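Chain residues, written in single-letter form:
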Amino acid sequence: MKTLLLRLALVSALAFAALGAIAPAAADNEGVRSVFQASDNGTDILPGTLWSLAGVAVGAVVMGTLYLFKRRVGGFPEDPAWTAPISIMRSRDLPGDDAANGHGSPHDAHGAGHAPAH
């Protein structure tokens, strides 16, 4: 439960920090006009920026809530019955080439020699 509260506090702090970063610009309309308004066509992009930040914050809260709900109902068991079919092998256990240096024989099947690649 403590981790839940810690995560919720962290997400809330990040959301408020993101909104707080744009708040001074929103409060000072004259400074905002020079930064957030295109001079050629007069389009004000401040409302779109604020709505985008608000949408990201709301989406993060909604998706975080759904994730925590799935965790609470057991959607992510600690010891699942099925695990992904993957095997981890050490490089020395992989099948090697013919030669000890890993490049194989300097001669091809016809006996012709090849220049080293490096």
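Residues numbered from 1 in each chain as written. Predicted model: local features only at pLDDT ≥ 70, side-chain atom pairs only at ≥ 80, totals over all residues. Heavy atoms only, no water.

1. Quick notes on the overall build of the protein chain
- Per the secondary structure count, the protein chain includes 3 helices and 0 strands.
- Ordered by position in the sequence, the α and β elements of the protein chain form the string α-α-α.
- Residue pairs at least 24 apart in sequence account for 33% of intrachain contacts in the protein chain once pairs closer than 6 positions are excluded.
- With an accessible surface of roughly 10100 Å², the protein chain has 65% of that area assigned to carbon and sulfur atoms. (Helix = DSSP H or I, 4+ residues; strand = E, 2+ residues; numbered from the N terminus. Contact = heavy atoms within 4.5 Å. Areas by Shrake-Rupley, 256 points an atom, 1.4 Å probe, with all protein chains shown as cover.)

2. Side note on the packing of aromatic side chains
- Using the criterion set out here, one finds 1 aromatic pair in the structure.
- Ring geometry for Y67 and F76: centres 5.5 Å apart, planes at 40 degrees, overall tilted.
- The class of Y67 is partly exposed, set by a relative accessible area of 39%.
- According to the relative accessible area criterion, F76 is partly exposed, its value standing at 42%. (Phe/Tyr/Trp six-rings, centres within 6.5 Å; stacked < 30°, edge-to-face > 60°. Buried < 20%, exposed > 50% of the residue type's maximum accessible area, 1.4 Å probe, protein only.)

3. Quick word on the confidence of the model for the protein chain
- Scored by pLDDT, the protein chain has a mean of 75; 64% of the residues are at 70 or more.
- For the protein chain, helix α2 (residues 29-36) is the element with the lowest average pLDDT, namely 55, and helix α3 (residues 46-72) is the one with the highest, namely 94. (pLDDT = per-residue confidence, 0-100.)

4. What to know about the environment of D44
- Positionally, D44 belongs in the loop between α2 and α3.
- There is a polar contact of 3.5 Å between the side chain of D44 and the backbone nitrogen of L46. (Polar contact = N/O pair within 3.5 Å; in protein donor to acceptor, adjacent residues only side chain to side chain.)

5. Concerning the pattern of salt bridges
- What the rule picks out here adds up to 1 salt bridge.
- A salt bridge links D93 to R90; its shortest N-O distance comes to 3.1 Å. (Salt bridge = Lys/Arg side-chain N within 4 Å of Asp/Glu carboxyl O.)

6. Observations regarding a nonpolar patch on the surface
- There is a patch of nonpolar side chains on the surface, built from V58, V62, M63 and L66 and spanning about 390 Å² of accessible area.
- Within the secondary structure, M63 sits in helix α3.
- Taking relative accessible area as the criterion, M63 reaches 55% and is therefore assigned exposed. (Patch = residues over 30% accessible without salt bridge, like charges linked within 9 Å, V, L, I, M, F, W, Y side chains within 5 Å.)

7. Here we look at the layout of surface pockets
- Approximately 270 Å³ is the volume found for the largest pocket.
- For the largest pocket, the lining is made up of 13 residues, of which L8, V61, G64, T65 and L68 are closest to its centre.
- Residue assignment for the lining of the largest pocket shows that the elements contributing at least two residues are α1 (2-27) and α3.
- Of the residues assigned to the lining of the largest pocket, the class counts are 8 nonpolar, 3 polar and 2 charged. (1 Å grid on protein atoms, 1.4 Å probe; cavity = no way out; pocket = protein on both sides within 12 Å on 5 of 7 lines; lining within 4 Å. Points joined across faces, edges and corners; volume = space filled by probe spheres on them. Nonpolar A, V, L, I, M, F, W, Y, C, P; charged D, E, K, R; others polar.)

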